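Coordinate inspection notes
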Amino acid sequence: DRSRRLSVSGVREQQTTRKSAFASISSSPSGPSNRSTPGGRARAVLVCPVNREHLWNPHESVSPVPEAIANWLHSLPKPVGILCPELGGGGYLIRCCQALGMRVPEDIAVVGCDESDLSLTGEPTLTTVVPAVEAIGIEAMRLLVERIKGAPPHPSLIRLRYMDLQVRESTG
């Protein structure tokens, strides 16, 4: 539909003016790290563990914002777009930005990868990358049938172009 095409077009236009970053905010036990990725699309990467309750409860306070996250967000050039691939990470990052007085999406646009009710519970609502699970399943079955017929295994990385972007308020 026309409004969705305009929204996606707006996100694409922002890509030329916004810097980009990647935040893995999860309940995994590894400690925080912050690094630049030479030659990659992401200008900065943050990996930071957070209590699962903070990620999955959209009403849970983020105050005080963890120091690693606060320092990283302040260090990023604005405007910036951040991809959060962890369940609940995008909503948590939005709440952290708001607690630090940063505007979403004007200063920081946030995209999550968890097309769940969590993407709709916060304010602003979270733009999400949605994998086309049916197409992924079909490709998995095709590869399995090939293996059963004796074909050699494919490389461990298989790229599929079956994604959709559910544009919401967190990207403007």
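The text that follows walks through the structure, step by step, so that each part is easy to find. For every chain, the first residue of the written sequence is number 1, and numbering continues from 1 along that sequence. Confidence filtering applies because this is a predicted model: local features only for residues at pLDDT of at least 70, side-chain atom pairs given and counted only at 80 or more, and all residues used for totals across whole chains, interfaces and linings. Hydrogens and waters are ignored; side-chain quantities use all the structure's heavy atoms.

**Focus on unusual backbone geometry**
Our working definition: Segments assigned H or I by DSSP are reported as helices when at least four residues long, segments assigned E as strands when at least two residues long, and all are numbered from the N terminus.
Cis geometry is adopted by the peptide bond preceding P105, which originates at V104 and carries an omega value of 10 degrees. Following the sequence through the fold, P105 ends up in the loop between α4 (89–99) and β5 (108–112). Looking along the chain, the bond that leaves E123 and enters P124 is cis, with omega of 5 degrees. Of note, P124 is situated in the loop between α5 (118–121) and β6 (127–131).

**Looking at α4**
Counting along an α-helix, one turn takes 3.6 residues, and residues three or four places apart therefore face a common direction. We count it as follows: Under the scheme applied here, a residue whose accessible area is under 20% of the maximum for its type counts as buried, over 50% as exposed, and between as partly exposed, the area being computed with a 1.4 Å probe on protein chains only.
Extensive coverage of α4 is indicated by the burial of 8 of its 11 residues. Listed as buried for α4 are G89, G90, Y92, L93, I94, R95, C96 and C97. Among the residues trailing α4, G101 stands out with phi positive, at a value near 80 degrees.

**Things to note about the side chain of T127**
Put simply, the rule reads: Contacts are assigned to residue pairs with any non-hydrogen atoms lying within 4.5 Å of each other.
Along the polypeptide, T127 turns up in strand β6. For T127, a relative accessible area of 0% translates into the label buried. If we ignore the near neighbours within four places in the chain, the residues touching T127 are V110, V111, G112, L165, Q166, V167, R168, E169, S170 and T171.

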